[in-house]
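A closer look at the structure
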Amino acid sequence: MLLETDDETVIDSLNRNAREVAVEQFGNTVWLRALIEWSNVCRNDCLYCGIRRSNPHIARYSLSHEQILSCCDQAWKLGLRTFVLQGGENPSAAAALAQTVAEIRASWPEAAITLSLGELPYDTYALLRRSGANRYLLRHETANPVHYARLHPASMRLETRLACLRQLQELGFRTGMGIMVGSPYQTIGDLIADIRLIEAFRPGMIGIGPFIPQPDTPFGDRPAGSAALTLRLYAILRLMLPSVWIPATTALGTLLPGGRKAGILAGANVMMPNFTPPAQRNAYALYAGKTDSAREAADNLTLVLQELESIGYHV
Ligand code: 5AD
C-alpha cells in the first residue's frame, strides 16, 4: 500500500507524479501567505497543544487592532497578498476581531483574508464573512470519532467540528481541513479514513503537518510523527485533488531540515512565512522548537525565497 511502502522507486514515482500534477496546475510557482498568530488565548484543552487552556507556562497575549494592521502592512509591502489570522479558540474575541477584518478588507481590497480561529457560533462565522474574510482553516484532526475522543477533552466532538466545516462552506468560505500525522493513537486505518473524508468533503485547502510533542502538555513525552509519512500524504492528496491548496507546513519544516522544500517537491504549493511580531512569536508555542521563531518577518521571507530558488521555484 502507498501509505506504508518503503520501496524507494515507488516513493520516487509517487512524488514525481504529484509534482507534475502540481506544476500542471500552478506552474513552478509557490503561493505565499503571511501568517499572523494574533492571539494564544484559548478556551480549549486539546491534549496535544501547547496553547491549551490548562498550560500555565506560557504568557498569554493578543495583538491589538493596530499591531495586526501593521503586520498586514509589512506583509503587503513585501509582496504578500494573503493574510492568515490564526489564534486560539475564543468566541468573544473572534466576534470583536470582525472590526479588524473589516478594516483589513477596506485597506487592502485585493487581499485574501484567511481566518483560523476554531469552532465558533454560526452567527460569528457569518459576521466574519460579511466583514470581508474569504477563507477559513479548521483542521478536523482525525476522521475517527474514537481517536478524536482520545486527543480532546470530553466536551469536544468530531461531529461539532464537521458541522462547523459544513457551515463555513455554506457561508462561502474557501475552507481548509486537515490533520496531524503521527498524533498519539493514530493508525494507518485512521489515515485512510482521513483521506476518504477529505475526498468527500472537497476542501479548498488541506493543512497537514507532523505531530510534534510540546513538553507542557499531556502528550509531551510522545514520539513525533513522521516527516516521510507527511510527505507521502501531500503526494497522495495532490493526485486525488489536483487543484487543492496544500501548504508545506511549519511543523514539517521544524521536524525535518529542508522539510518545507521537500513538501513542495512532493506536491505542496503554498508556504506560510511567519509575520507575527518576534516578541509574541515564542508564546505561540503549539509544539516544541518551532522553526523561524526568533527572526524578523522579512528575514523569514528571505529564507523561504532562498529555499524555493534552490529547487527552481518562484513565488
Ligand atoms: N504538533 C503539531 N501540530 C499541532 N497542532 C497543535 N498542537 C500541535 C502539536 N503538538 C496543530 C493542530 C491544530 C493547529 C492549529 O496546530 O492540528 O489544528
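A brief report on the enclosed structure follows. (Residues numbered from 1 in each chain as written. Predicted model: local features only at pLDDT ≥ 70, side-chain atom pairs only at ≥ 80, totals over all residues. Heavy atoms only, no water.)

1. Notes on the nonpolar core
Counting residues in each nonpolar core, the largest one holds 90 residues, and the members touching the most others are Phe83, Ile104, Leu115, Leu117, Tyr125 and Tyr136. Ranked by residue count, the leading element in this core is helix 8 (residues 227-240), at eight residues. Residues contacting tyrosine 125, with those up to four places away along its chain left out, are Gly118, Glu119, Leu120, Tyr136, Leu138, Cys164, Gln167, Leu168, Leu171 and Phe173. Counting residues in hydrophobic clusters, the runner-up holds eight residues, among them Val84, Leu137, Trp245 and Val270. (Core = buried A, V, L, I, M, F, W, Y, C linked by side-chain atoms within 4.5 Å. Buried < 20%, exposed > 50% of the residue type's maximum accessible area, 1.4 Å probe, protein only. Helix = DSSP H or I, 4+ residues; strand = E, 2+ residues; numbered from the N terminus. Contact = heavy atoms within 4.5 Å.)

2. With respect to the pattern of salt bridges
Evaluation of the coordinates by the stated rule reveals eight salt bridges. With a shortest N-O distance of 2.7 Å, arginine 43 and glutamate 89 are connected by a salt bridge. Of the two residues, arginine 43 sits in the loop between strand 2 (34-39) and helix 2 (65-77) while glutamate 89 sits in the loop between strand 3 (82-87) and helix 3 (91-107), which places them 46 residues apart along the sequence. On the basis of relative accessibility, which here comes to 40%, the residue arginine 43 falls in the partly exposed class. For arginine 53, the salt bridge is made with aspartate 45, and the minimal N-O distance between the two is 3.9 Å. A network of salt bridges, in which partner residues are shared, links Asp45, Arg52 and Arg53. (Salt bridge = Lys/Arg side-chain N within 4 Å of Asp/Glu carboxyl O.)

3. Describing the site of the ligand
Taken together, the residues surrounding the ligand are Tyr48, Cys49, Arg139, Glu141, Met180, Pro210, Phe211, Ile212, Leu286 and Tyr287. Between the ligand and isoleucine 212, the relevant distance is 2.7 Å, taken from a nitrogen atom to a main-chain nitrogen or oxygen of the residue. Here the ligand, which alone exposes 400 Å², has 87% of that area covered by the protein. The site holding the ligand turns out to be the largest cavity. (Near = heavy atom within 4 Å. Polar contact = N/O pair within 3.5 Å; in protein donor to acceptor, adjacent residues only side chain to side chain. Areas by Shrake-Rupley, 256 points an atom, 1.4 Å probe, with all protein chains shown as cover. 1 Å grid on protein atoms, 1.4 Å probe; cavity = no way out; pocket = protein on both sides within 12 Å on 5 of 7 lines; lining within 4 Å. Sits in = over half its atoms within 2 Å of the grid points.)

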